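If you want the building blocks of each chain, they are given just below.
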Amino acid sequence: MSNSKTIHIVLFGIGQVGSTLIYQINETKSRLQQDQNLKLKIPIVANSKLAFYDKESVSNSWETDFESFSVPYKIEEIIRFVKHQKFENLIAIDATASSTFIRNYISLIEGGFNIVSANKVANTLSYDFYQTLRLALKMHNKSFLYETNVGAGLPVIETIKNLYNSGDKIERIKGVFSGSMSYIFNQFSASDTTFSQVLSEAAKLGLTEPDAREDLSGNDVARKLLILARELNIKTELQDVKIESLVPKQLNGKTTLHQFKNRTKELDVPFQELKNQLYKNQVLRYVGELDVVSKTLEVKLISEEKNSAIGQLKGADSVFEIFTESYGNNPLVIQGAGAGKQVTARGVLSDVIKLSNNLN
Ligand SMILES: NC(=O)c1ccc[n+]([C@@H]2O[C@H](COP(=O)([O-])OP(=O)(O)OC[C@H]3O[C@@H](n4cnc5c(N)ncnc54)[C@H](OP(=O)(O)O)[C@@H]3O)[C@@H](O)[C@H]2O)c1
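Residues numbered from 1 in each chain as written. Predicted model: local features only at pLDDT ≥ 70, side-chain atom pairs only at ≥ 80, totals over all residues. Heavy atoms only, no water.

Draft legend 1. Highlighting the pattern of salt bridges. The full count for this structure, using the stated rule, is 15 salt bridges. The closest approach of N and O atoms between lysine 41 and glutamate 56, which form a salt bridge, is 3.3 Å. Of this pair, lysine 41 sits in strand S2 (residues 38–46) while glutamate 56 is found in the loop between strand S3 (50–53) and helix H2 (62–69), placing the two residues 15 residues apart along the sequence. The residue aspartate 220 makes a salt bridge to lysine 120 at a minimum N-O spacing of 3.4 Å. One end of the pair, aspartate 220, is in helix H11 (residues 219–231); the other, lysine 120, is in the loop between strand S6 (113–117) and helix H5 (121–124), with 100 residues separating them in the sequence. Through salt bridges that share partners, Arg172, Lys242, Glu289, Glu298 and Lys300 make up one connected network. (Salt bridge = Lys/Arg side-chain N within 4 Å of Asp/Glu carboxyl O. Helix = DSSP H or I, 4+ residues; strand = E, 2+ residues; numbered from the N terminus.)

What follows is the structure in structure tokens.
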């Protein structure tokens, strides 16, 4: 059996995904130690202001400890602490939803950390930053894994990377990338409910953002599309994505959230008209599509054949069709829950284990 290896995890973000991850790590810990001789320890957990330290690793009762013993922190203090403790095999997990936390990535890498992230921000800023980050990783011989950035726990990024690295020519990727938009159009296409009613059901189920215009704007789908394109070495920016926003001009950002909520009925007629134009064997789907050959990235509402993988989608599932030279006209299809704290935390843990196996 291989020598025992201890991994030290610092977890930033203890919301839905972060707290589920602590639980999953603690549940899986003894099996990992038995099967792979891998010891996962979480000596620090932090939110935006406070950190809780437990050199031996936080337990499932970390929440009460956090309330009583957490202290304000700075990233530099955390880096100094792990150095002082001589912790090896360091992984910083970004389970924040922060647009600014990524400013710490370079310091963390320089401080000896590998990074696993559920947060999409670092991969969707300028291509300059994308490259700077990868250069820093290379210089310090560190890794950065982010499978959950696209399709949560579904193995989308790894599959695309493997196809690309093995020389298969990826020609096109098309899919429903957003759980909320999946639910909205799956329901709307299959029932006689009005669009505003479906929207309100999606909100009640916690599928949409508090302001559903964030989902309807297509920006989240565009970010995921951008991440996939960059995996294929396409040097592109978020502004290059052609987005068909489903937020009507009269209900855009200038309208307050309260006003928007009171006026969602204004969406009913235009979407009903689109539905009336469909043939019997068609449904509406909000998709992301990357054409690798022409390097175009598009987010759009389309009519799709009911019997295709995208057309058959149910619930709030995501689906990714990957067309390559080897797969020909029958794309490789990855489908399943593309959001949710359980599958996302599981995806983060899977990245942690993958990364740990490559650490010396
Ligand atoms: N939930 C899903 O289904 C899903 C799926 C795929 C990917 N993701 C991604 O996973 C990430 C986490 O999602 P979530 O649903 O767990 O979010 P959440 O419940 O809102 O939790 C966010 C956590 O991040 C902390 N945080 C915010 N800014 C921070 C900073 N600058 N430094 C350190 N901690 C900070 C927050 O602390 P405070 O309380 O102090 O603000 C909170 O603990 C997001 O990037 C999300 O896009 C989520």
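Continuing now.
Draft legend 2. Broad picture of the nonpolar core. Grouped together as the largest cluster of nonpolar side chains are 77 residues, with contacts concentrated most on Phe12, Phe185 and Leu290. The element contributing the most residues to this core is H11, with 6 residues. In terms of domain composition, this core takes at least three residues from each of domain 1 (5–152 + 342–357) and domain 2 (156–339). Once residues within four sequence positions are removed from consideration, phenylalanine 12 is found in contact with Ala46, Tyr73, Ile75, Ile78, Ala92, Ile93, Asp94, Ala95, Thr96, Phe101 and Leu108. Core analysis: the second largest hydrophobic core is formed by 29 residues, Leu38, Val58, Ile91 and Val348 among them. (Core = buried A, V, L, I, M, F, W, Y, C linked by side-chain atoms within 4.5 Å. Buried < 20%, exposed > 50% of the residue type's maximum accessible area, 1.4 Å probe, protein only. Domains from an automatic or database assignment. Contact = heavy atoms within 4.5 Å.)

Draft legend 3. Main features of the sheet that holds strand S12 (residues 317–324). Across the sheet, which stays open at both edges, the 6 strands sit in the order S9-S11-S10-S8-S12-S13 with mixed pairing between neighbours. Only two strands of the sheet have a single neighbouring strand rather than two, namely strand S9 (242–243) and strand S13 (332–337). Bridge count between strand S10 (residues 282–291) and strand S11 (residues 296–305): 10 bridges; the pairing is antiparallel. Paired with valine 287 across the two strands is lysine 300, which belongs to S11. Packing against the sheet, helix H7 (residues 156–165) makes contact with strand S8 (170–176), S12 and S13, and its axis sits at approximately 5° to S12. (Pairing = 2+ DSSP bridges. Axes fitted to C-alpha atoms, helices over the stretch in contact; angles between N-to-C directions.)

Draft legend 4. Layout of the site of the ligand. Taken together, 19 residues surround the ligand, and among them Ile14, Val17, Ser48, Thr96 and Gly340 come closest. Between the ligand and glycine 340 there is a distance of 2.7 Å, counted from an oxygen atom to a backbone nitrogen or oxygen. Protein burial of the ligand: of its 920 Å² of free accessible surface, 71% is covered by the chains. Residues of the shell around the ligand, tallied by class, amount to 8 nonpolar, 11 polar and no charged. (Near = heavy atom within 4 Å. Polar contact = N/O pair within 3.5 Å; in protein donor to acceptor, adjacent residues only side chain to side chain. Areas by Shrake-Rupley, 256 points an atom, 1.4 Å probe, with all protein chains shown as cover. Nonpolar A, V, L, I, M, F, W, Y, C, P; charged D, E, K, R; others polar.)

Draft legend 5. Structural context of the domain arrangement of the protein. Considered domain by domain, the protein is made up of domain 1 (5–152 + 342–357) and domain 2 (156–339). On a C-alpha basis, the centroid separation for the pair domain 1 and domain 2 is 30 Å. Every contact between the two is made by 16 residues of domain 1 and, on the other side, 22 residues of domain 2. Per-residue buried area on domain 1 facing domain 2 is highest for Thr124, Tyr127 and Val150; these three make up 39% of the total on that side. (Buried area = accessible area lost by both parts, 1.4 Å probe.)

Draft legend 6. Fine view of the side chain of asparagine 149. Among the secondary structure elements, asparagine 149 is positioned in the loop between strand S7 (144–145) and H7. There is a polar contact of 3.4 Å between the side chain of asparagine 149 and the backbone oxygen of serine 117.

Draft legend 7. The arrangement of the packing of helix H8 (residues 179–190) against helix H9 (residues 195–204) in detail. Remark: H8 packs on H9, axes separated minimally by 9 Å, with the N-to-C direction vectors making an angle of 140°. The angle between the axes of H8 and H9 places the two elements in the oblique class. Our pair here, H8 against H9, has a crossing hand that is right-handed. Two secondary-structure elements touch here, H8 through Tyr183, Ile184, Phe185, Gln187 and Phe188 and H9 through Phe195, Val198, Leu199, Glu201 and Ala202. For the contact of H8 with H9, the residue count by class is 8 nonpolar, 1 polar and 1 charged. (Parallel < 35°, antiparallel > 145°, perpendicular 65-115°, else oblique. Left-handed = near helix turned anticlockwise from the far one by under 90°.)

Draft legend 8. Seen up close, the packing of H8 against helix H13 (residues 268–276). Two numbers describe how H8 lies on H13: the axes approach to 11 Å, and their chain directions differ by 65°. In this structure, the crossing between H8 and H13 has a hand that is right-handed. Across the interface between the two elements, Phe185, Phe188 and Ser189 of H8 pack against Phe271, Gln272 and Lys275 of H13. For the contact of H8 with H13, the residue count by class is 3 nonpolar, 2 polar and 1 charged.

Draft legend 9. Expanded view of the environment of asparagine 149. For asparagine 149, a relative accessible area of 1% puts it in the buried group. Along the chain, asparagine 149 and isoleucine 14 lie 135 residues apart, while their C-alpha atoms are 17 Å from each other. Once residues within four sequence positions are removed from consideration, asparagine 149 is found in contact with Ser117, Ala118, Asn119, Lys120, Asn123, Ile157, Lys224 and Ile227.

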